[in-house]
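# Descriptive analysis of the structure
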Amino acid sequence: MKKVYLDNAATTPMLPEVIEEMVQSMNSDFGNPSATYGFGRTAKSKMELCRKTIAQLLSCSAQEIIFTSGATEANNWILRSAVTTLKVERIITSKIEHHAVLHPILALQKEFDIQVDYVDILPNGTVKLSHLTDLLSQTQPTLVSLMHVNNEIGTILPLDDVAQICKQYQAYFHSDAVQSIGKIAIKLNEVSVDFMVGSAHKFHGPKGVGFAFIRKQTPIQSILFGGEQEKGLRPGTEATHQIAGMTKALQIAINNLEVNYTTIQQLKSYAVQRLKTAFPDVIINGESKNIATILNVQLPFSNDKTSMLPFLLDMKGIAISRGSACQSGSNLPSHVIAEILSPEAQLKPSIRISFSKFNTQEDVDLLVEALKMIE
Ligand code: PLP
């Protein structure tokens, strides 16, 4: 049975070049980058080269990149530090953010009694910008936290427009760009976002490593206590081999961004066409011009198929998901789907099919044939 992996928004397979780079780094850069002797200096200079490379790829300066264990940590750090260091009294976010943003915000609300406002989401899954402007007309110190690309339905936030609005109202702007980094060109010298986060395993790099972009002169502090690594902003010995792997993965992703995007877009169009032919009443969740890598569809199957669908596909060797959190065995929709669909539509099976450059038309054919057998 051919295995089909169509859950690339959850994680992506690592590239052989990335694994090779990491093995090399484990062999030759094993010194502690904080040590002052040769072994340490070798590791440190390799790591700083990585920082510089990532900064160049994203058009920012190397000092603005801080390595973390992934996006969850980076989001938690930025959100908490915005309250404790920048003294924001309010966070504006949306109900369709990833839990790595929603849950820290709820914790901060409980701990610091900050105001939390949720900007309206339109039925096509996009942010209602006029509502954001309305919310920002209140004047307390505010952080806006809105993701660049939604991980379940793939809608794309107009980063520049939101950054302009935030600037106009003197609010800080944080964006979780986990699903866009390495897929959509981002020039941080052109868009006035204050904070951004990325995660290597979403662009064919290793798990357990990511980074935060902290705009220069934004005075945030660490939430961890320990050594002086990462200028004291993120104590703990840096995972040099992970950082090397992440850098290699980002380099490959960004150097091939356009060609990969076009290939994946074509595959997505093929999937839409195949699904529409097989199931004429299929509905695409989210707007049509969302990111090429994510396709979320509502299948015209009976409601009792909803909870079992991922299992049934898994038995045929096909990996897709129903959303970011594990909703296996549950009839409840994901929090994103619940926000944009009517209660009736929420009962129908919605699935997220997410692509990478490794997927083929055969993968899509196998998925559609499997769905026909389940219908
Ligand atoms: N933010 C988004 C949008 C994601 O898709 C994910 C991964 O599922 C995360 C944050 C969490 O990233 P990490 O696995 O690096 O903690």
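Read on for an overview of the structure. What you are looking at is a predicted structure, and each value in this text was computed from that prediction instead of being measured.

### A short note on the sheet that holds strand 5 (residues 142–145)
Read across the open sheet, the 7 strands follow the order 2-8-7-6-5-3-4; overall the sheet is mixed. Every other strand in the sheet has two partners, leaving strand 2 (65–68) and strand 4 (115–118) as the edge strands with one partner each. Ignoring which end each strand starts from, the neighbouring axes of this sheet average 20° apart. Sheet analysis places strand 3 (residues 90–93) next to strand 5, joined by 3 bridges and oriented parallel. From the neighbouring strand, Ile91 faces strand 5, where its bridge partner is Leu143. In the packing of helix 2 (residues 38–58) onto the sheet, the strands contacted are strand 2 and strand 8 (210–214), and the crossing angle to strand 2 comes to about 120°. Each of strand 3, strand 4, strand 5 and strand 6 (172–176) touches helix 4 (residues 99–112); the most contacted strand, strand 3, lies at about 155° to it.

### Details of the pairing of strand 12 (residues 350–354)
Across the 5 residues of strand 12, 5 count as buried, placing the element largely inside the fold. Both faces of strand 12 are covered, namely the face carrying Ser350, Arg352 and Ser354 and the face carrying Ile351 and Ile353. Judged from the 5 bridges that link them, strand 10 (residues 294–298) and strand 12 form a sheet pairing that is antiparallel. Along strand 12, the bridge assignment pairs Gln298 with Ser350.

### Some words on unusual backbone geometry
Although it is not a glycine, Asp113 sits at a positive phi angle of roughly 60°. Taking the relative accessible area as the measure of exposure, Asp113 reaches 69% and is therefore exposed. With a phi angle near 55°, Lys231 is a residue other than glycine that sits in the positive phi range. Within the secondary structure, Lys231 is located in the loop between strand 8 and helix 7 (240–255). The class for Lys231 is exposed, based on a relative accessible area of 56%.

Here is what the cut-offs are and how they apply
- Residues numbered from 1 in each chain as written.
- Predicted model: local features only at pLDDT ≥ 70, side-chain atom pairs only at ≥ 80, totals over all residues.
- Heavy atoms only, no water.
- Pairing = 2+ DSSP bridges.
- Helix = DSSP H or I, 4+ residues; strand = E, 2+ residues; numbered from the N terminus.
- Axes fitted to C-alpha atoms, helices over the stretch in contact; angles between N-to-C directions.
- Contact = heavy atoms within 4.5 Å.
- Buried < 20%, exposed > 50% of the residue type's maximum accessible area, 1.4 Å probe, protein only.

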